[in-house]
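Residues per chain, in single letters:
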Amino acid sequence: MTEVRKGQTPPMLERAAFGERFRHNFFDPAFRAEDAAIARLEEIAWQAYQEGRKAPLSSPAGPGFADPAYELSDEWRATRERLHAAQARQRDGAAPSRVLLICASPRNDGTCPGEQSKTHRLTLLASEVLSAAGVQPDLLDLSLMTSQPGLKIHPCKGCVSTAMPLCHWPCSCYPNHSLGQVGDWMAEIYERWVAAHGVLIVTPVHWYQATSPLKLMIDRLVCADGGNPDPTSTGGKDPAKAKALELEGWPYPKHLDGRAYGLVVHGDVAGIEGVRRALADWLDWMGLIAVGPEARLDRFIGYWEPYATSHDSLDADTAVQEEVRNVARALAQGIGDLRAGRLSVPGAALKHPRPK
């Protein structure tokens with residue numbers, strides 16, 4: 001058995017520091033009339049933090065789990081059940097094809113930028129093509145994180161780097177009520193990925209990289225690639241149990257494999273090829289299926305031109321508009337071929353000598 005390394009645990013907050021952070025949410029002077037009530041809520045939150053009440057509503061796992069007596073979070077169980085239902089719908093041969101259409105720009109005209117993103121415009125072009133092809137687009141607009149209150153994707157805590165079985169499918173790190181880590185959008189996003197027959201990501205380049213909201217979602221999807229569907233097998237978050245389970249021989253199940261994908265990456269100066277390759281490599285690793293070069297696009301829009309006229313540049317670039325439509329057309333065709341058994345995926349059944 002390998003050693004569980006310790007030595008980085010931060011000290012718990014002192015009472016005063018905890019209270020200061022808690023009250024940040026009530027900075028608006030309009031809350032002053034309720035200071036007494038806020039103080040009572042703060043005390044409840046402080047007790048939850050001290051006692052580590054991560055999942056205050058839980059119940060025995062029951063049959064079908066490694067440890068039926070283990071107290072599972074009711075919220076986690078509800079997410080798991082929605083994923084099972086979504087998977088059943090996705091595998092129904094009579095169900096219409098569905099594409100998760102991801103607009104990865106954090107910009108929209110309902111928040112600080114005050115203007116619609118080019119990414120959103122390109123996403124709508126793809127959506128129109130998919131609908132016309134009889135494919136249901138499910139638009140996931142990640143910019144809502146910047147314009148809607150309480151909507152967030154919490155960061156990955158890296159459980160997989162301790163041991164793969166410690167990374168649960170779906171993620172069990174959140175919500176964590178003792179730390180106030182709630183309102184995690186990923187509980188819904190997991191379900192939407194599972195329900196899809198294909199995924200189309202449309203993203204700008206931010207500093208040679210994917211956007212912040214997209215990267216947050218990508219990191220939290222690590223549990224879809226090798227994640228453990230049974231938290232009771234690791235006693236929740238027991239690293240020693242998880243390490244032992246992995247060293248016994250872990251199968252690294254791919255929970256989203258077999259879905260088709262398309263990519264549109266756009267920029268204005270540099271980085272488009274690197275981001276497109278990185279996203280394609282990630283999706284390939286997850287077991288999603290590339291449906292040909294026409295479904296993977298990287299283009300500059302308004303190359304080295306002012307940001308202020310970038311929408312005008314997109315208006316003028318009818319070729320890139322049509323290329324985006326072609327990505328959607330290729331993806332729709334690929335999904336149809338996949339579901340009909342006409343699309344061959346060479347090597348799909350090969351056994352990897354170094355699974356991970």
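Residues numbered from 1 in each chain as written. Predicted model: local features only at pLDDT ≥ 70, side-chain atom pairs only at ≥ 80, totals over all residues. Heavy atoms only, no water.

Colleague: For this particular structure, what's the right way to read the overall build of the chain?
Modeller: Secondary structure assignment for the chain yields 11 helices and 8 strands. Over its C-alpha trace the chain gives a radius of gyration of 23 Å, about what one expects of a compact globule, namely 21 Å for 356 residues. Here the C-alpha coordinates of the chain stretch approximately 60 × 55 × 40 Å along the principal axes. Counting over 356 residues, the chain shows a buried share of 43%. Considering only contacts in the chain between residues 6 or more positions apart, those separated by 24 or more positions represent 76%. Roughly 18600 Å² of accessible area belongs to the chain as shown, and the carbon and sulfur atoms make up 55% of that amount. Considering the chain, the positive charge centre built from 39 side chains and the negative charge centre built from 43 side chains are found 4 Å apart. (Helix = DSSP H or I, 4+ residues; strand = E, 2+ residues; numbered from the N terminus. Rg over C-alpha atoms; globule rule 2.2 N^0.38 Å. Buried < 20%, exposed > 50% of the residue type's maximum accessible area, 1.4 Å probe, protein only. Contact = heavy atoms within 4.5 Å. Areas by Shrake-Rupley, 256 points an atom, 1.4 Å probe, with all protein chains shown as cover. Lys, Arg positive; Asp, Glu negative; His and termini not counted. Charge placed at Lys NZ, Arg CZ, Asp CG, Glu CD.)

Colleague: What exactly am I supposed to notice about the pattern of salt bridges here?
Modeller: Where side chains of opposite charge bring their charged atoms close, a pairing between them can arise. This model, assessed by the stated rule, comprises 22 salt bridges. Two residues, glutamate 42 and arginine 23, come together in a salt bridge whose shortest N-O distance is 2.9 Å. Separated by 19 residues along the polypeptide, glutamate 42 in helix 2 (residues 35-51) and arginine 23 in helix 1 (residues 15-23) bring together distant segments of the chain. Take arginine 23: its relative accessible area is 40%, and that puts it in the partly exposed class. A salt bridge links arginine 329 to glutamate 322; the nearest nitrogen and oxygen atoms lie 2.8 Å apart. Via salt bridges that share partners, Arg15, Arg23, Glu42 and Glu43 belong to a single interconnected network. (Salt bridge = Lys/Arg side-chain N within 4 Å of Asp/Glu carboxyl O.)

Colleague: I'm lost on the packing of helix 3 (residues 74-91) against helix 6 (residues 186-195) in this one. Help?
Modeller: How two helices pack is summed up by the angle between their axes together with the distance between the axes. Running from amino to carboxyl end, helix 3 crosses helix 6 at an angle of 20 degrees, the nearest separation of the two axes being 8 Å. One finds that helix 3 runs roughly parallel with respect to helix 6. The handedness of the crossing between helix 3 and helix 6 comes out as right-handed. Residues Thr79, Arg82, Leu83, Ala86, Gln87, Arg89 and Gln90 of helix 3 lie in contact with helix 6, whose contacting residues are Ala187, Tyr190, Glu191, Val194 and Ala195. Here the residues of the contact of helix 3 with helix 6 are counted per class, giving 6 nonpolar, 3 polar and 3 charged. (Axes fitted to C-alpha atoms, helices over the stretch in contact; angles between N-to-C directions. Parallel < 35°, antiparallel > 145°, perpendicular 65-115°, else oblique. Left-handed = near helix turned anticlockwise from the far one by under 90°. Nonpolar A, V, L, I, M, F, W, Y, C, P; charged D, E, K, R; others polar.)

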